[in-house]
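Okay, here's what each chain looks like letter by letter:
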Amino acid sequence: MNLLISPLKKLLLVASVLGVVACSGGSGQEVQQNDDFTRNDGDNGISYNGPAPSTEDVQAFKLNLWDNLAGENRCGSCHILGGTSPEFVRADDINLAYGSANPLVDLEIPANSRIVQKVASGHNCWSSDPAVCADIITNYIEAWANTSGASSNVIVLTAPPEYEVTDSKSFPGDSGTFATTVYPVVEEYCSSCHSEDSALQQQPFIGSSDVDVAYDASRSRINMDDPGASRLVTRLGSEFHNCWTSCDTNSAEMENAIAAFANAIPITEVDPDLVVSRALGLPDGIVAASGGRVENNIVALYEFKNSSLQTAFDTSGVDPALDLNLTGNVQRVGGWGIRINNGKAQGSTSSSEKLYDLIRATGEYSIEAWVVPDNVAQDGPARIVTYSGGSEIRNFTLGQTLYNYNFMNRSSVTDGNGMPMLSTPDADEVLQATLQHVIASYNPISGMSVYVNGELAAQDDTVVGSNLNDWDDTFALAVGNEVDDQYLWQGVVRFLAIHNRTLTADDVTMNFDAGVGEKFFLLFGVSHHINLPESYIVFQVEQFDSYSYLFSNPFFISLGDTAPTEDIVIEGMRIGVNGREAAIGQSYANLNVTINSSNYNADVGMPLSQLGAVIELDKGPDLDQFFISFDSIGGSSYTRSMAAPPAAPEPADLGEQSLVGLRHFAEINATIAQMTQTPMEGLPTSVSDVFEVVKQQLPTVENVDTFLAAHQAGVMQLSVAYCTALVNDSSRRSNVFDGFNFGGDVTAANADLIIEPLLEGLSAGEVDVQGTPTVLTTQPIPDAVKAHLYSLVADMSTANTDTTVIALCAATAGSAVMILQ
C-alpha cells in the first residue's frame, strides 16, 4: 500500500524527525523555511528577456533551477528550444520552461526527481562524479520548493516488503579466522598500496601489517552470504583493479578465501521462542527528508556523501566549485563524513577566491560545521576550518584549544592573523569529544559570535563597526590542518557550510534541530501479533559512524488510519541484528506502554520513547538485517530468563599507600587564605582572577604520586597573588605582621616578625592539648624552613621592603609545608 500521509500527519512527523536527530534534542516546534531562498551565482552566461513569470512559483523555478542550469556548461547546450526534449531550460519563455520542468521534479522529495536520477546515472554530469551533480540539483530543487511554499520535508510512509527474521552469520569479534583465510591473500597482494606502512598509503588498509586493522578495513568489503558478490572479489573480477596475474584467477582466489572464512563461521539461529517483528534492512527504509535547514546564502557546502578518498566535493552549486583535495591520513566515515588522522582537506587558491569575492560583497559570514573532536587535549589552536595563507596570516579560522572553540577573523580592528581571537570560556568546557554543531559568525553590526549545539557560547562586540577590507584573495580553504601543515586537528567532520550572510539565533537553532547525516524510517511490521491491520513500529535509523547505527524516535502507527478497538500492550522492546538481539545498546528493554483509542492519533501514531539506541554495525549498512523483539505485544509474550550476575571479584590489593598526601586545589586556596588572613568571602579581584586561571592546573586528588611541575607553578602564581594583595593592604598587613615597620628594611634581626606569623598561619588549627602548634613528622620542621627563609632575606638585601616581604610570604605559601598534608 502506498499512502500519502495527511497534511497534519506530514507536519508532525517532520517535526518529530527534526527534534530527535542524533539524540541531540531540539525545540520540537514546527519548522518554517525562509521564503526568499535564491541559490544563483548570477553568471550562467544566459540573458533572459522573455515574458515575465506568470506566478510566484514560476519565479521560484527561474531563480533556483533555471538560472543555475540554463548555462551551456550545464543543461543549456541541449534542453533548449529546438533542442533535446524536454526543453526545461529554454530561454524564450520561462513559463513554457516551467511547464517542461514540472514533470521532472518532485518538490516533496527532491532526491526522487527524475532530473536528479537521470544525472545520477551519469547523464551529462559536469563533475567527475555523477552523485555530486545529483546532490547539487537536489539542492536547487529543495530551494525551489522552499521558496514556493512547497514542503520538501514530507515523509511518505510506504508499507515495506515483508521479510521473516532468518538465521544469519555475523562477523566474529576477533580476527582469528580472518587471519588464516582472507588475510594471507590481501597481505601478500594488496599491502604494497593498501597499507599504512606503504609509500602510497591507499585506504582502506586491507593489507595492513596489523591483522586487526586489516580485518576492520575488510569487513565492509566481505559478503559472507554471497562471497562472489564481495567488494574484494568484484574489484578484481569486474573492475580489473591491480590483478597480480590473471584477473579471473585472482578474483576466484579471493572468492575462495572469503568462502573459507564464511564457512568457518557458525550460523546464528533465531531463537524460535522470541516474539519478533518482520525484518528490514536500511535499503528497505524510507529516506527521512533532511530539510528544515536555513541554506539561503551557502556559498560552499560539504556533506561528504561521496566515497572518494581523493576529493571532498563542494555541492553548493555556486561556481566555481571549491572542491577539497584529501591528502595524508584522511578516512571516509560511515553515515557521511571524513576523519582527519594526520592529513587535511584543502582547496586551490583559485577556487577559494570565491569566498573572498562573495563574503567581501556582503561584509559578513558564518562558518557552520558538525564535528567530533578526537579529544580535548588539542592545542595551537588546532585548525578545524581555515581560510588562510600560513600559520601567521589568515582571513578566518575555526579552531580548537583544549576544551575551547576559537574563532580568528581578520578585520580592520584585528591583525593579519585574526588576533585577538574569540574563544569560548575556559570554565564552560563547551568543546567535548562528541558530535557537536558549531557556528562561528561575523558581521559589522553585532560582531563575532560562536554557537555550540544551538546555544550562544561566546560573543565579542568590540569588533562592531569593523570591515573585511584587508582580506587576501590568494589564500586557500583547508579543513583539519593549517595550509602549511603546522596545526593538525584530529577528529571527524560530518558537515561543513560557509554562508555569506550571518545566521541569526533562530537560524542556528533551526539548523541544529535539523541534525546531520543520512536517515531512514524503518517500518517493522507487527500486524501478525495484534488485531490492527497494517501496524508498524517505526524507527528513525541512521549510520552513526563506521561502527554503529543510531535508532531513535520509535512510534507505533497503522497505515490503515484506523484506531485500535482494544488495548495494545507493548513491553520489553529490543533491537535485533542478523538473527540475534544486540548485546548492548538496548535502551527500550524496559518499555511498557499501552496503546488504545484514547491516546492513539491516526494522523501521527503513538510515540513510544524519546530515547536513542546505538547498535553495533555487523555486516554493513547494505547487508545488515534488523528486527524488533518483544517481551510482550498484543497476545504474544516471551519469558525472558535473566542470567545470574557474576560473582564480585576479589578486591584488588593496592599495595602500600603513602602516608603523605597533597592538598587539592580548594584546600590550597583555603590554606593560603588562612595564612595571609584573607577572608574567603570577598576575595580581592586580583586573587580571585588568578585562582580562576590556575585552578585547573592545581592538584585535583590527594595522591602524592600525581604531583607535577605544573602544580608547583600554579601554586606559586596563586601564592604571589595572595601575598601581593596582603602587602598592598596596609590595615591587614599590620595585623598579620604585628610590630614590623614597613618603613624600614627587612634584616636578619627583624625577619622573624615576618616569618613567624606566616608559619603560624600555615599550622593554625593544628595544635596539641597544651595549645602548642603541632608538626607532622613527614613535613619539614619549622627551623629548617626558617633557615631557607633567612637565606632568602640575605639574597634580597638590595630589594625594597614590600618586594622582600612578598617574596618571603610567597616562598612560605608555596613550600612543601603548605602543599603536603
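For the structure itself, consult the block above.
Residues numbered from 1 in each chain as written. Predicted model: local features only at pLDDT ≥ 70, side-chain atom pairs only at ≥ 80, totals over all residues. Heavy atoms only, no water.

So, on to unusual backbone geometry. A cis amide bond links Asp319 to the next residue, Pro320, at an omega of -5 degrees. Note that Pro320 resides in the loop between strand 5 (311–312) and strand 6 (324–332). Between Gly380 and Pro381 the backbone carries a cis peptide bond, its omega angle lying at 0 degrees. Backbone geometry places Gln677, a non-glycine residue, at a positive phi of 55 degrees. With respect to the helices, strands and loops of the structure, Gln677 is situated in the loop between helix 13 (665–675) and helix 14 (685–694). Given the relative accessible area of 45%, Gln677 is considered partly exposed. (Helix = DSSP H or I, 4+ residues; strand = E, 2+ residues; numbered from the N terminus. Buried < 20%, exposed > 50% of the residue type's maximum accessible area, 1.4 Å probe, protein only.)

Turning next to the packing of aromatic side chains. Tallying each qualifying case throughout the model produces 29 aromatic pairs. Taking the centre distance of 5.9 Å and the plane angle of 20 degrees together, the rings of Trp370 and Phe512 count as stacked. In this pair, Trp370 sits in strand 8 (residues 365–373) while Phe512 sits in helix 12 (residues 505–514), placing the two residues 142 residues apart along the sequence. Taking the relative accessible area as the measure of exposure, Trp370 reaches 1% and is therefore buried. (Phe/Tyr/Trp six-rings, centres within 6.5 Å; stacked < 30°, edge-to-face > 60°.)

Glancing now at the nonpolar core. One finds Phe539, Phe551 and Phe556 to be the most contacted residues of the largest nonpolar core, which totals 52 residues. Elements with a minimum of two residues in this core: strand 1 (275–276), strand 18 (519–525), strand 19 (535–545), strand 20 (548–558), strand 21 (568–577), strand 23 (592–595), strand 25 (612–616) and strand 26 (625–633). In contact with Phe556, other than residues within four places in its own chain, are Val526, Ile530, Leu532, Ser535, Tyr536, Ile537, Ile568, Ile595, Tyr600, Gly605, Met606 and Leu608. Of all hydrophobic cores here, the second largest spans 48 residues; its members include Leu322, Val330, Tyr356 and Ile498. (Core = buried A, V, L, I, M, F, W, Y, C linked by side-chain atoms within 4.5 Å. Contact = heavy atoms within 4.5 Å.)

In a disulfide, the sulfur atoms of two cysteines are covalently bonded to one another. Summed over the entire model, instances satisfying the criterion amount to three disulfides. In this model, Cys243 is linked to Cys247 through a disulfide, with the two sulfur atoms separated by 1.9 Å. On the S-S bond that ties Cys243 to Cys247, the torsion sits near 105 degrees, and the link is right-handed. Disulfide partner of Cys723: Cys809, at an S-S distance of 2.0 Å. Classification of the bridge connecting Cys723 and Cys809 rests on its S-S torsion, roughly -75 degrees, and on that basis the disulfide is left-handed. Placement of Cys723 in helix 15 (residues 709–728) and of Cys809 in helix 19 (residues 801–813) is noted, with a sequence separation of 86 residues between them. We note that Cys723, like Cys809, is buried. Left without a disulfide partner, Cys190 is nearest to the cysteine sulfur of Cys193, which lies 8.6 Å away. (Disulfide = S-S within 2.5 Å.)

Moving on: the pattern of salt bridges. All chains considered together, the criterion is met by 28 salt bridges. Note that Arg293 is salt-bridged to Glu295, the shortest N-O span being 3.1 Å. Under the relative-accessibility criterion, Arg293 is labelled buried at 8%. Residue Glu295 is classed as buried on the basis of its relative accessible area of 10%. Close ionic contact of Arg293 with Glu368 constitutes a salt bridge, the shortest N to O distance being 2.9 Å. Of this pair, Arg293 sits in the loop between strand 3 (286–287) and strand 4 (298–302) while Glu368 sits in strand 8, and the two are 75 residues apart along the sequence. Pair check on accessibility: Arg293 and Glu368 agree, each one buried. Taken together, the shared-partner salt bridges connect Arg574, Glu581, Asp631 and Arg640 into one network. (Salt bridge = Lys/Arg side-chain N within 4 Å of Asp/Glu carboxyl O.)

This brings us to the packing of helix 15 against helix 19. Two numbers describe how helix 15 lies on helix 19: the axes approach to 8 Å, and their chain directions differ by 140 degrees. Classified by the angle between their axes, helix 15 and helix 19 sit oblique to one another. Judged by the twist between their axes, the crossing of helix 15 over helix 19 is right-handed. Of helix 19, the residues touching helix 15 (which contributes Val715, Met716, Ser719, Val720, Cys723, Thr724 and Val727) are Asp802, Val805, Ile806, Cys809, Ala810 and Ala813. Here the contact of helix 15 with helix 19 is composed, by residue class, of ten nonpolar, two polar and one charged. (Axes fitted to C-alpha atoms, helices over the stretch in contact; angles between N-to-C directions. Parallel < 35°, antiparallel > 145°, perpendicular 65-115°, else oblique. Left-handed = near helix turned anticlockwise from the far one by under 90°. Nonpolar A, V, L, I, M, F, W, Y, C, P; charged D, E, K, R; others polar.)

Moving on, we get to the side chain of Asp129. Checked against the element boundaries, Asp129 lands in the loop between helix 4 (114–120) and helix 5 (130–148). Put simply, Asp129 is tucked away with no salt bridge, and the nearest opposite charge, on Arg332, sits 8.0 Å away. Engagement of the side chain of Asp129 in a polar contact is seen with the backbone nitrogen of Ala131, the distance being 2.9 Å. Leave out the neighbours within four places in its chain, and Asp129 touches Asn306 and Phe313. (Lys, Arg positive; Asp, Glu negative; His and termini not counted. Polar contact = N/O pair within 3.5 Å; in protein donor to acceptor, adjacent residues only side chain to side chain.)

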